[in-house]
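Geometric and topological summary
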Amino acid sequence: MLFMGTYTPKLDEKGRLFLPAKFRDRLSEGLVVTQGQDKCLVVWPTDVFADEAERAAARPMTNRAARRYARVLFAGGDESTPDKQGRIGIPSHLREYAGLERDVVVIGVRDRLEIWNPQAWAEFQAEALEEFADLDEDDE
């Protein structure tokens, strides 16, 4: 299954997120929420996270960038399973990292979801769309 689309669910008072209904089956076996780049959160299906963990482990720990990536990937991660209503808890340290309050934006990015602060998403999207419009086939 490919994760696609943009959704605007809300966090409840306990910091739980209702996953978009179309993604619940894919994530029902478990997931991992980690810090992402650009101040968003990444929701990985457990099997996809395992693949990412293997890629991280394959890089030599003598490489500074590899050590940093592994530390960020694992130190802030939270493993969970959606409840019967399709909610997942977002720990406070992850909500703080991404600047999440009540309103959030959830986007599908092929094999994972990203959770964004709405203002950060709007700013990122405006910049990315401008760059996208300037793409040229000759710039390979």
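Residues numbered from 1 in each chain as written. Predicted model: local features only at pLDDT ≥ 70, side-chain atom pairs only at ≥ 80, totals over all residues. Heavy atoms only, no water.

For the chain, an unreviewed UniProt entry supplies the name Transcriptional regulator MraZ and the organism Nocardioides vastitatis. Taken verbatim from the UniProt record of the chain, the Subunit (unreviewed entry) comment is "Forms oligomers." Taken from UniProt, the Subcellular location (unreviewed entry) comment for the chain reads in full: "Cytoplasm, Nucleoid". (UniProt positions renumbered as here; feature names shortened; annotations may be inferred.)

**Comments concerning the overall build of the chain**
Along the chain, the regular secondary structure elements total 5 helices and 8 strands. Secondary structure of the chain in N-to-C order comes out as β-β-α-β-β-α-α-β-β-α-β-β-α. Relative to the compact-globule value of 14 Å for 140 residues, the chain shows a C-alpha radius of gyration of 16 Å, a close match. Seen through its C-alpha atoms, the chain measures out along the principal axes to roughly 45 × 40 × 30 Å. (Helix = DSSP H or I, 4+ residues; strand = E, 2+ residues; numbered from the N terminus. Rg over C-alpha atoms; globule rule 2.2 N^0.38 Å.)

**Side note on the UniProt feature "domain: SpoVT-AbrB" (unreviewed entry) in the chain**
Mapped onto the present numbering, the UniProt feature "domain: SpoVT-AbrB" (unreviewed entry) falls on residues 6-48 and 77-120. For residues 6-48, the helix share is 16%, the strand share is 35%, and the end-to-end C-alpha distance is 20 Å. Between the C-alpha atoms that bound residues 77-120 the distance is 21 Å, and the span itself is 23% helix and 36% strand.

**Thoughts on the side chain of Asp12**
Within the secondary structure layout, Asp12 lies in the loop between β1 (6-7) and β2 (16-18). We classify Asp12 as buried; its relative accessible area is 14%. Non-local contacts of Asp12, meaning those with residues more than four positions away in its chain, are made with Arg87 and Arg102. (Buried < 20%, exposed > 50% of the residue type's maximum accessible area, 1.4 Å probe, protein only. Contact = heavy atoms within 4.5 Å.)

**What to know about the sheet that holds strand β8 (residues 112-116)**
Pairing is antiparallel in the open sheet, where 6 strands are placed in the order β1-β7-β8-β4-β3-β5. Two strands lie at the open edges of the sheet, namely β1 and β5 (78-80), each paired on one side alone. Where strand β3 (residues 31-35) lies against β5, 3 bridges are found, and the strand directions are antiparallel. Each bridged residue has a counterpart across the sheet, and for Val33 the counterpart in β5 is Asp78. Against the sheet, helix α2 (residues 46-58) engages β3, β4 (41-45) and β5, with an angle of about 105° to β4. (Pairing = 2+ DSSP bridges. Axes fitted to C-alpha atoms, helices over the stretch in contact; angles between N-to-C directions.)

**Describing the layout of surface pockets**
By volume, the largest pocket is sized at about 550 Å³. As for the largest pocket, its lining consists of 28 residues, and the residues nearest its centre are Gly36, Gln37, Val42, Arg112 and Glu114. Secondary-structure elements contributing two or more residues to the lining of the largest pocket are β3, β4, α2, α3 (64-75), β7 (105-109), β8 and α5 (118-133). Grouping the constituent residues of the lining of the largest pocket by class yields 15 nonpolar, 5 polar and 8 charged. (1 Å grid on protein atoms, 1.4 Å probe; cavity = no way out; pocket = protein on both sides within 12 Å on 5 of 7 lines; lining within 4 Å. Points joined across faces, edges and corners; volume = space filled by probe spheres on them. Nonpolar A, V, L, I, M, F, W, Y, C, P; charged D, E, K, R; others polar.)

**Describing the environment of Ile90**
Along the chain, the position of Ile90 falls in the loop between β6 (87-89) and α4 (92-98). Of the residues examined, Ile90 reaches a relative accessible area of 2% and is grouped as buried. Spatially, the C-alpha atom of Ile90 lies 13 Å from that of Pro9, the residues being 81 residues apart in sequence. With near-sequence residues (within four places) excluded, Ile90 lies in contact with Leu11, Gly15, Leu17, Leu41, Arg95 and Ile115.

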